[in-house]
Amino acid sequence: GLFATALYLEQAARLRKDILEGAQASARLARARLEAGEEGHEALARSELEIAREQEAFEGTRSARDLARASLASGMGDGRLRILSLSGSLEEAMALPSLEALTAALPGHPALKAAEAGADAARAGLRLAEASRIPDLNLELFYRRIEGSGANAMDAGLSMELPLFDRGKGRVREARGALLEAEARSRGEREALARNLREAHETLSMALANARRQREEVLPRVETILASAGSRHALGETALDELKTHLRGAQIVL
């Protein structure tokens, strides 16, 4: 995900730079026309204003790209790593496994493991509380000497605590309640993870389908439009605003 984000912003910054350079070329053309007396100062002012707007947009995209590179370096385990450029395919970077395969991997999720570990600890606590209810049986041995006969004697006995109030039941009830709570928390965590996974999988599937449609259906038409409009722009017949209008008509958002 970090790589795909950085790669997208890499391509977006490159496109913004191309648009900025187009605005600069349009301004140079407007200045040449002004000097030749073919246009007034207003056309040049509009072109220079367009440069300022595109410069701002380019700087914003470039800043987002640099932050994405830094996030990617941290995700790779070395925040000091300086990433200078990226290359690759967004579709390959965002290749989506099946929902079934992702769901099968949920038991290894750290949050679920932590919840299940809490349930295991609660079960152990219940076993301890139940075991504590059984009194300990003590074997006692006593040595004594019979004074009259001078004989040695040994006495043996068994002792066991007899609690007048069975406090162990309260501990058992408390441990059972803790176990029920821990198990409910584990089930809730599992259901929440599965729900979030389904939502994320659906969102990403739609995004990839849209990206595929853009690449296979929209971009070929855009290339045809730009081949014609770009040539007219280079000859001064089409303004940059009109060129961007062609792009918007092709459903490309820059």
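Residues numbered from 1 in each chain as written. Predicted model: local features only at pLDDT ≥ 70, side-chain atom pairs only at ≥ 80, totals over all residues. Heavy atoms only, no water.

Draft legend 1. Examining the overall build of the protein more closely. Broken down by element type, the protein carries seven helices and two strands. Starting at the N terminus and walking to the C terminus, you meet the elements of the protein as α-α-α-α-α-β-β-α-α. Taking all 254 residues of the protein together, 24% fall into the buried category. Of the contacts made within the protein by residues no fewer than 6 positions apart, 67% connect residues no fewer than 24 positions apart. (Helix = DSSP H or I, 4+ residues; strand = E, 2+ residues; numbered from the N terminus. Buried < 20%, exposed > 50% of the residue type's maximum accessible area, 1.4 Å probe, protein only. Contact = heavy atoms within 4.5 Å.)

Draft legend 2. Main features of the pattern of salt bridges. Here the structure, examined in full by the defined rule, presents twelve salt bridges. For Arg123, the salt bridge goes to Asp120, with nearest N and O atoms at 2.6 Å. Here Arg123 pairs with Asp120, and both are found in helix α5 (residues 110-132), just three residues apart, close to one helical turn. Using a relative accessible area of 31% as the deciding quantity, one classes Arg123 as partly exposed. Within the structure, one salt-bridge network assembled from shared partners comprises Asp120, Arg123 and Glu183. (Salt bridge = Lys/Arg side-chain N within 4 Å of Asp/Glu carboxyl O.)

Draft legend 3. Broad picture of helix α1 (residues 2-35). Between its first and last C-alpha atoms α1 spans 49 Å; for 34 residues at 1.5 Å apiece the expected length is 50 Å, and the two agree. Immediately downstream of α1, the backbone of Gly37 shows phi near 80°, a positive value. (Expected span 1.5 Å × (residues − 1).)

Draft legend 4. Layout of the environment of Glu21. In this structure, Glu21 sits in helix α1. Glu21 gets classed as partly exposed once you look at its relative accessible area, which sits at 38%. Sequence separation between Glu21 and Gln55 is 34 residues, and the spatial gap between their C-alpha atoms is 9.4 Å.

Draft legend 5. Representation of the environment of Leu112 within the structure. Among the secondary structure elements, Leu112 is positioned in helix α5. By relative accessible area, Leu112 is classed as buried at 2%. For the pair Leu112 and Leu193, spaced 81 residues apart in sequence, the C-alpha separation works out to 8.2 Å. When sequence neighbours within four positions are dropped, the list of residues in contact with Leu112 reads Leu106, Pro107, Ser186, Glu189, Arg190 and Leu193.

Draft legend 6. Up close: helix α2 (residues 41-75). Taking 1.5 Å as the rise per residue, α2 with 35 residues should run 51 Å; its terminal C-alpha atoms sit 51 Å apart, in good agreement. The set of residues buried in α2 consists of Ala43, Leu44, Ser47, Glu50, Glu54, Phe58, Thr61, Arg65, Ala68, Arg69, Leu72 and Ala73.

Draft legend 7. Region of the structure containing the confidence of the model for the protein. Confidence in the prediction of the protein, expressed as mean pLDDT, is 77, and 76% of residues score 70 or more. Mean pLDDT across the secondary structure elements of the protein bottoms out at helix α7 (residues 240-249), with 53, and peaks at α2, with 88. (pLDDT = per-residue confidence, 0-100.)

Draft legend 8. Broad picture of the packing of α1 against α2. Two elements in contact, α1 and α2, have axes separated by 8 Å at closest approach and are oriented at 165°. On the basis of the axis angle, α1 is roughly antiparallel to α2. Considering how the two elements wind past one another, α1 and α2 form a crossing that is left-handed. For the contact of α1 with α2, the residue count by class is 20 nonpolar, nine polar and ten charged. (Axes fitted to C-alpha atoms, helices over the stretch in contact; angles between N-to-C directions. Parallel < 35°, antiparallel > 145°, perpendicular 65-115°, else oblique. Left-handed = near helix turned anticlockwise from the far one by under 90°. Nonpolar A, V, L, I, M, F, W, Y, C, P; charged D, E, K, R; others polar.)

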